[in-house]
Amino acid sequence: MSTPFNLEYLPSPFSDLIDGYWTDYIQQCADNNIGCVRDKVILASVPMVWSSSKFVTDHCLRNPGMLTDLVLSGDLLSATGDDYFQLRLAAVIGDVDSEEMLIRVLRQFRNREMVRIAWRDIAGWAQLEQTLSDLTLLAEVCLQLSLDYLYDALCRKSKIPVLSNGSPQKLVVLGMGKLGAWELNYSSDIDLIFAYPEDGVLDDKKGTEYSEFFIRLARSLINVIDKTTEDGFVFRVDTRLRPFGDSGPLVMSFDAMENYYQSQAREWERYAMIKARPVAGDLKTGEYLQQLLRPFVYRRYLDYGAFSAIRELKLKITQELQRKDRMENIKLGRGGIREIEFIGQAFQLIRGGRDSNLQERRILVVLKILGEKSILPKAVVEKLCESYRFLRQVENRLQQYADQQTHDLPIDSENQLRLAFSLGYSDWDNLRNRLDETRESVHSVFEQVFESPQSDGEGGDADKLWMGVGDDEYLFQIAGTIGYQDPSGMLVLLAKFRDGGPVKRLGTKGIEYLNDLMPMVLNAVGSCHQSESTLNRILNFLEAIAGRSVYLSLLVENPLALSQLVKLADASSWIINYVSQYPLLLDELIDPRSLYAPQQRAQLKGDLANTLAEISTVDIERQMSELRHFKQSHILRVAATDIMDIIPLMVVSDYLTDIAEVILNQVLNMSWEAVTERYGVPPHAAANEKSGFAIIGYGKLGGMELGYGSDLDLVFLYDANSPNTITNGAKPIAVGQFYSRLGQKIISLLNIKMLSGVLYDIDMRLRPSGNSGLLVSGIDAFEKYQKQDAWTWEHQALVRARFIVGDTQIERKFNKIRADILRLPRDTTTLKQEVKEMREKMRANMATKDPNKFDIKQGRGGIVDIEFLVQYGVLSKAGAVENLVDYTGSVTLLKQLEQVGFFTGRETSQLIDAYCCYRDQGHKAAL
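The following paragraphs examine the structure supplied in this document. Treat the numbers as computed from the prediction; the structure is a model and nothing was measured.

Cut-offs used in this document
Residues numbered from 1 in each chain as written. Predicted model: local features only at pLDDT ≥ 70, side-chain atom pairs only at ≥ 80, totals over all residues. Heavy atoms only, no water. Helix = DSSP H or I, 4+ residues; strand = E, 2+ residues; numbered from the N terminus. Buried < 20%, exposed > 50% of the residue type's maximum accessible area, 1.4 Å probe, protein only. Contact = heavy atoms within 4.5 Å. Expected span 1.5 Å × (residues − 1). 1 Å grid on protein atoms, 1.4 Å probe; cavity = no way out; pocket = protein on both sides within 12 Å on 5 of 7 lines; lining within 4 Å. Points joined across faces, edges and corners; volume = space filled by probe spheres on them. Nonpolar A, V, L, I, M, F, W, Y, C, P; charged D, E, K, R; others polar. Pairing = 2+ DSSP bridges. Axes fitted to C-alpha atoms, helices over the stretch in contact; angles between N-to-C directions. Parallel < 35°, antiparallel > 145°, perpendicular 65-115°, else oblique.

Glancing now at the environment of Lys 54. Looking at the secondary structure, you find Lys 54 in helix α3 (residues 54-62). Here Lys 54 falls in the partly exposed class, since its relative accessible area comes to 35%. Between the alpha carbons of Lys 54 and Tyr 401 there is a distance of 5.2 Å; along the sequence they are 347 residues apart. Those residues within four positions of Lys 54 in sequence are excluded, and the remaining contacts are Gln 400 and Tyr 401.

Following this line, the structure appears as structure tokens:
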């Protein structure tokens, strides 16, 4: 009987084979009184599928009714829904009454679905992601329904283990590797780890330990899934990824697992845990277990040690493949699937603790995120994703042929041709060319990502200098050659550092990193203008961070970051001390493009919003930590551009002010949310609008003249028709009290001391009545105080007062009050005397008493003198010159006062030059 499909497009070795298979299929249908497949779409796919997969062909010939069922049910031509496997297996498992019957039913179900998945994949009816998802869901459903059956059976035989609250306790099954990442390949084994929440004893005659109960349950599950019978197997099970591997207990309690991963787990187990996911058993409790183990996988700091660890792991894999002559392995070999996974996992381990988006299991999603965040170039990401999809398709075709877990490319010509044909290539050479091109492309990226800065043997004489190899004369000569003007002093510094406590206390890994790093440091510092002083700063910095070798690894892995660090240390002791105080900032040095490009306010707001969006709103500690890192990283950018004279003085202050205002806005948001959640909102206020409250900035913040160490002079105002009205929350309080609590919360968030420091020091002494006054003033009371009770110096302070964040209705009211106060008619003689007396009092109390030093801020002719001149000018002229009240910055006001004749042009130029010079000198002195 002739075949009902075209065999001419098949390679010659396969046409006769398929013709014979079809004849056998027809005979089997006849013998079993089963109708043959007649669907034209399916018939057209038979030659490709049957020539590509002996597994599929064998099952169709052995059980032709299965193929008929797949066709008539529509399953073969349809994509699955989320509940497809669950519904179908539940329907056939319902009548199971023994473990033996469960084993048989599972394998028959598995074989049907594996034929279906392979057929749709080879025929091109399913995308790669659909195929991997189907394989994963099939494994999950088989595990879950089998475990449910076995758990119930075991509980009936013995007793039910319970939690401390008396509810039933169940097993948690973690899926590792590709199962955990929804990426299971066609004939993959499944890597499982078993755990249970709490230890205890069953209420049976033997007093059976819970551990024994769950070990028995896990063994039964493995047997049901893994055992090979005449119907085959369900999935091969591998439990070697569990704590202590083969020598460890099959099942562990949550406490035992947490203790293991905190104290004894090896580095490679972090990579394994990236993809871990609860796949069966008590999934909700499994998520809790994941939370317990997450700190082991994702560190709160930037862990660049992942690069060297993955290099070592990859080297071991390569050596093992070479030993077994299996370099043609598309998973583990050069440019294979594992190299793509390593690329993604390295950045996950480095940054995942700080960027929760990278705590992702699927490699294609991870790569996409790396591209979106510009951690990897988008073109590289696109090429890696394309390569990954292609290699996974090759992997599936290799395994679909005989349902064997193989990753080695075939060496015989027939199987090479079969593989090529199954992937749509006319011959092996064409496929081989694509494979070679793909693997070389992947390996090239892998080498670029993981290239060791020390791989070329750099260091040379500097390495000898660091190790102290040679006599003093020889070492003097090396130091001079590298660029040190005082070799003797340099060697003393180096010896003191080498023999110091921080270095002596380093562990083995830390010493390795330091030995790699120091030759690079010595070479880089030798080219500096002040090599000895710069070396001293760098060595002090290294002593400060030596206890955290992760930062040493960052510098080892990123020579460009080290180069920027040395460059900044040469220019500024403040910057190097700042980074040593907050070493997370080392990450900012990796990309000079961002380091020397401070962001403007809109960019800052977007950057902060994106960062905090990844953090739960209830995790206040994490939010506060991120706010501090945000401030520190952006101040570092400003300082770097300032010390390198990339931006002018006025822009430095603008940037520092923008940073403060963006943080104040966020702190107000957080405080409002916290206070309204507890007390509700005042009448006519919305929960998300921060109604009726405003933060006013005075001094340098108000004048947009912040320096690096400036505190923030703040005044809090609120507006309510009646401060005694009540909020609408579960714990209602008076509106006045509500706004007071809001002010207290803001100060708390700004001032609270964490390991990463405080956000800002706050000065509230400029509020009405100073320290004795209310923390938050009503806007009407503020107006009354300014008109009736305020001193002249308080009106002077209003000159530099400015609305920062909050309710814009208060902004309008405040601006009017400020303008009215500044425009009040004043006797200039009295005003002049009061301003002068206040200035003399300040100078007497605050200026340096050392006659050999000039205090650029409080000294005679210093910054505050100029500010007082400006404030006197505004208070004396504002009533006659309307737009004088529109500005708060001293330089702008100087120019405005010149226009109204208060200063001559020459005086204005002198004052502006002096003011800018002082402020610039102050910034540079700080740096």
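Quick look at helix α33 (residues 735-751) now. In this model α33 runs 24 Å from its N-terminal to its C-terminal C-alpha over 17 residues, within 8% of the 24 Å that 1.5 Å per residue would give. Those residues of α33 lying buried are Val 735, Gly 736, Phe 738, Tyr 739, Leu 742, Gly 743, Ile 746, Ile 747, Leu 749 and Leu 750. On its buried side, α33 packs onto α30 (620-643), α31 (649-679), β6 (693-698), β7 (712-718), β8 (762-763) and β9 (776-778).

With that out of the way, let us pick up empty space enclosed by the protein. Per the stated rule, a full pass over the model turns up one cavity of 30 Å³ or more. Taken as a whole, the largest cavity encloses approximately 50 Å³ of empty space. Together, Ile 635, Leu 656, Leu 706, Gly 707, Tyr 708, Ser 710 and Tyr 760 line the largest cavity. The residue makeup of the lining of the largest cavity, split by class, is five nonpolar, two polar and no charged.

Phi is positive for Phe 244, which is not a glycine, with a value near 70 degrees. Overall, the relative accessible area of 34% leaves Phe 244 in the partly exposed class. Of note in the backbone geometry, Asp 403 takes a positive phi value of approximately 55 degrees without being a glycine. As for its position among the elements, Asp 403 is in the loop between α16 (378-402) and α17 (413-422).

We now examine the pairing of β6. Of all six residues that make up β6, six are buried, and the element is covered over most of its length. Two strands pair when backbone bridges link them, and β6 and β7 are joined in this way by six bridges, in the antiparallel orientation. Directly across from Ile 695, in β7, lies its bridge partner Phe 716. In this sheet, strand β10 (residues 802-806) lies alongside β6 in antiparallel orientation, the contact comprising four bridges. If you follow Gly 697 over to β10, its bridge partner there is Arg 802.

What follows deals with the packing of helix α35 (residues 792-799) against helix α37 (residues 828-846). With their axes 10 Å apart at the nearest point, α35 and α37 run at an angle of 85 degrees to one another. Of the possible angle classes, the one that applies to α35 and α37 is roughly perpendicular. Contacts between α35 and α37 involve Thr 792, Trp 793 and Gln 796 on the former and, on the latter, Leu 831, Glu 834, Val 835 and Met 838. Partitioned by chemical class, the residues of the contact of α35 with α37 number four nonpolar, two polar and one charged.

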